[in-house]
Structures are given as structure tokens and as C-alpha cells.
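Architecture at a glance
What follows is the residue order along each chain.
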Amino acid sequence: MPQATAERAVPARRVRTLAQVYRHFGEVDAAGTSPLYARVAVALSESDEAMRAVEAAPARKRHPTLILAALHDLALAGRAPALAAAYAAGDGDAAADAAIDALLRMTGPVVDLAVRRKVRTDETGRYAVLYPAIAEAAHRLGASAVGLIDVGCSAGLNLQVDRVGITYSDGRSLGDPASAVQVSSSIVQNRPVPARAIPEVVARVGVDLEPVDVTDADDARWLRACVWPDQPEEAARLGAEIALAATAPPALLHGDAVEVLPDAFARMPADVLPIVTTTWALSRLPLESRMRFLHRLDEAATHRAVAWVSVEGVGVAPAIPTMGDRRASGHSIIGLAVFEHSALRAEALGRCWSKGRMLAWLADS
């Protein structure tokens, strides 16, 4: 009896209803960032019919960001013109009404998109961290040409890193100043990034469980649909990145990185340095898979040098020093691992915050 009394005394974990999830998204998650999505999400939460339509999707595919992206995709495709017009006008009330109407009229297409797709919100902006690290890897190994393999590539935009322009807050610039894609990053701790250029990139290969082909109209539209409609600067930058990538599309390999990496290395010409990049991709893998990933890199270096540039949370990338940083520190470590002559050399090149918007370069170069 005492045990039963104690069990009853433990409060049950409160589970939000779907409507509460949508209201919270509108009032908290989107508030201050996207007035349009804040208004639309709250309106959806207040409509019993809309919530029943969302419930037609599998439970794991009902999140507001995914359903709103599906609606946005239909608007961009011309299938929800009233919603597209409301988004273009920035009219929250009209967007709320149009979103409910589109969801109820096209529940099937919305659910189909939600089932087939996943939200892509982190495609852009990583160049400022990747560029100097890739250039450093090539410099240390004396490479005059490199082949890039991006793991967790999604749309393969990171693979265009040598073709963009980057400006740092200390006035230093890297990359192509004439590129249609320009990004910026703030330097902290007053050590500039090295002023080296990435050598010629002769091969670009992306590895992802669900790669996105920017030359496919539906895939490219979905990327745009994942940008919130009242974020025009992000939409414009993504559009420029998609256009740039479409002029030199990478080879996209579908599958688990550990299994597919040998095929990716096989696509690298014999006279180039393969550089593998991961940006916040390994945290999705269990430790065992991360160690197998490291082993794959070591296997590939049997007959030639291989470099791995990682931008991962503290302690996520195996073999990369953590510099004593705590795992929950809020920043990520820029790592470089070189596999050469059966030896592994790994170090931390720096730290970054906010997906590369802030960077502290630490390595002696």
C-alpha cells in the first residue's frame, strides 16, 4: 500500500494536444521571428477541422514546421494562390484564412508532402567555417587539387564552398568576391583566419540518407518552401545558392554514410586529396557508428592521404580534441583529422557559434 500511494503521488507527465503544440509554436517558437507563421499556426490550432486534417498525417509528421512547409510548397507551386498572395503581402489574417482553406481542400497533397519530405532548415551559411578549414587541410598536405565529400549533404550546397564569397568582421575576405553567394561571419578572440585559398576542386560528392537534387524542380521548390515566407533575405540567399549549385551539381549518393563512403572515395581521382566534411551530421549517429565512420576514413587512407574537416558539437567527432570544453557549452569545435601513412593526426582548429555566424580560429598556421 505505501508503494502504491507513492506511485500515485508522482505527477504524470503532461502531454500536449496537437492544438496546444500548434499554439505554442505560434506564440513562442515563431513569435518575433515570423509574424506570418505565428498568426497562421495559432489560427490552425483554433480550427478543429484543421487539426483533424493534420491528424491524417502520421504522428511523427504532424509538426507545425513540416505542415507549414508543405502548405508553402503548394503556394509556391501555384496550387494555393490565395495563400501565396497573402504571404507576398505579409497579411497575417489573410494568410491564416488561406492556410486553413488550403489545408482542408488539399489535405491529401499536404499529407503526401509531409510523409515524403523532411524540413530542411540548415542548408546555408556554413561556408565561413568550412572554407578556411578545407584550405588548411590542403595546405598541410601540399595538395594542388582536392575532391570534396560532404556527409549529411542534403542538397550538396556545402560542396560549393570554393565558389562563394566570405567576409569576416575583421575585414578579411576569402573566396570569390564576384560570386552571387556572399556570406559573413564575426571573428572573436582577435586571431584572423588564414588567408589561404582552396585549391582547385575537381570532384564533388554528397552523401545523405535523403539527398536533395537542386536540378530537380520539385526538390528545389521544397528547399524554398522550408524558408519561412517572411524571411526574404534568407529566401534570396537560398535561391542564389541553388542557382550556383545547379551550374556544377555534385554527385549525390543515397545511403548511410558508413556504408556509402567507400563508393564516394572511389569517385575521387587518384591524384587529388580527398577531403571529407561533416557539419553537425555526426550527432545523429550513435557512438558505434561514429567510430565505424572513423574506421572508414582510415581504410580509405591505405594508399593515399585523406583529410576530414569536422564541425560538430563538443565531444561528438571521435578523435578530435575537445580542449577541455564541456559538452553543453553551446559552441561547436572545428576539427581537422589527417590520415596518412597509417597514422592519424587530429587537432581542433577553432570554435564556432550559431552555425558558423561566429568563429574563433585557434590553430597556428
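Up top is the structure.
Please read these numbers as outputs of a predicted model, since none were measured by experiment.

Each value, and the rule that gives it
Residues numbered from 1 in each chain as written. Predicted model: local features only at pLDDT ≥ 70, side-chain atom pairs only at ≥ 80, totals over all residues. Heavy atoms only, no water. Buried < 20%, exposed > 50% of the residue type's maximum accessible area, 1.4 Å probe, protein only. Helix = DSSP H or I, 4+ residues; strand = E, 2+ residues; numbered from the N terminus. Pairing = 2+ DSSP bridges. Expected span 1.5 Å × (residues − 1). Arc of directions from axis to C-beta. Contact = heavy atoms within 4.5 Å. 1 Å grid on protein atoms, 1.4 Å probe; cavity = no way out; pocket = protein on both sides within 12 Å on 5 of 7 lines; lining within 4 Å. Points joined across faces, edges and corners; volume = space filled by probe spheres on them. Nonpolar A, V, L, I, M, F, W, Y, C, P; charged D, E, K, R; others polar.

**So, the pairing of strand E4 (residues 182-187)**
Residue alternation in E4 divides its side chains into a buried set, Val183, Ser185 and Ile187, and an unburied set, Gln182, Ser184 and Ser186. Sheet topology places strand E2 (residues 165-168) next to E4; four bridges connect them, and they run parallel. Within the sheet, the bridge partner assigned to glycine 165 lies in E4 and is glutamine 182.

**Regarding helix H13 (residues 287-300)**
Between its first and last C-alpha atoms H13 spans 20 Å; for 14 residues at 1.5 Å apiece the expected length is 20 Å, and the two agree. Restricting attention to buried positions, one finds in H13 the residues Ser289, Arg290, Phe293, Leu294 and Leu297. Taken down its axis, H13 places every buried residue within 150° of arc, on the same side. Structurally, H13 contributes buried residues whose contacts are with strand E1 (145-151), helix H12 (257-266), strand E7 (273-279), strand E8 (306-313) and strand E9 (332-340).

**Digging into empty space enclosed by the protein**
Under the counting rule described, the total for this entry stands at one cavity of 30 Å³ or more. As for the largest cavity, its lining consists of Glu312, Gly313, Val314, Gly315, Val316, Ala317, Ile320 and Ile333. Here the residues of the lining of the largest cavity sort into five nonpolar, two polar and one charged.

Shape is all these values report; function is a separate question.
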